[in-house]
Amino acid sequence: QVRLVESGGGLVQPGGSLRLSCAASGMIFGIRDMGWFRQAPGKQRELVATITRGGITNYVDSVKGRFTISRDNALNTVYLQMNSLKPEDTAVYYCNGQIAKIEDVRWDDYWGQGTQVTVSS
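Below, the structure is looked at part by part.

The subject of this paragraph is the nonpolar core. Trp 36, Leu 80, Met 82 and Tyr 93 are the most contacted members of the largest nonpolar core, which has 30 residues in total. Residue assignment for this core shows that the elements contributing at least two residues are strand E3 (18-25), strand E4 (28-39), strand E5 (46-51), strand E7 (67-72), strand E8 (77-82), strand E9 (91-101) and strand E11 (115-119).

This is the structure:
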């Protein structure tokens, strides 16, 4: 079974920083794109950032210049460095990965359980 486990969320003051991590584990054949999404109360889940296996990144406009997505392919891990955090960044952040399992080499979307990020003074 493939699992994605996030860590690094918490409470931070406006202007502060947090670093989220997401590690994929299990019988993994390969991982293509990985990304971070977020969902604030009463809102739909939205894309925050994605990264290809080769390191090409994409960001939603609201986080450009403040957030940085990166990955370590050897560790099957993706990171999200969040700087200059604002109250509107408050949400549950979810990790996503396009992963193929060894047993069938079929590419499917997998999601983590989510980690809460709260930006408040």
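Let us keep going from here.
This part covers the packing of aromatic side chains. For the coordinates displayed, the defined rule picks out one aromatic pair. Above the face of the Trp 107 ring, Arg 32 is positioned so that its terminal group lies 4.0 Å from the ring centre.

As a further point, take unusual backbone geometry. Look at Asn 76: it is not a glycine, yet its phi comes out positive at around 55°. Mapped onto the secondary structure, Asn 76 falls in the loop between E7 and E8. Since its relative accessible area comes to 23%, Asn 76 is described here as partly exposed.

Moving on, we come to the pairing of E7. Side chains Phe 67, Ile 69 and Arg 71 of E7 all project onto a buried face; the interleaved residues Thr 68, Ser 70 and Asp 72 project onto a face where none is buried. Relative to E8, E7 runs antiparallel, the two sharing six bridges. Of the residues in E8, the one forming a bridge with Asp 72 is Thr 77.

Scoring rules and cut-offs
Residues numbered from 1 in each chain as written. Predicted model: local features only at pLDDT ≥ 70, side-chain atom pairs only at ≥ 80, totals over all residues. Heavy atoms only, no water. Core = buried A, V, L, I, M, F, W, Y, C linked by side-chain atoms within 4.5 Å. Buried < 20%, exposed > 50% of the residue type's maximum accessible area, 1.4 Å probe, protein only. Helix = DSSP H or I, 4+ residues; strand = E, 2+ residues; numbered from the N terminus. Phe/Tyr/Trp six-rings, centres within 6.5 Å; stacked < 30°, edge-to-face > 60°. Lys NZ or Arg CZ within 6 Å of the ring centre and 35° of its normal. Pairing = 2+ DSSP bridges.

Limitation: the analysis is restricted to geometry and does not speak to function.
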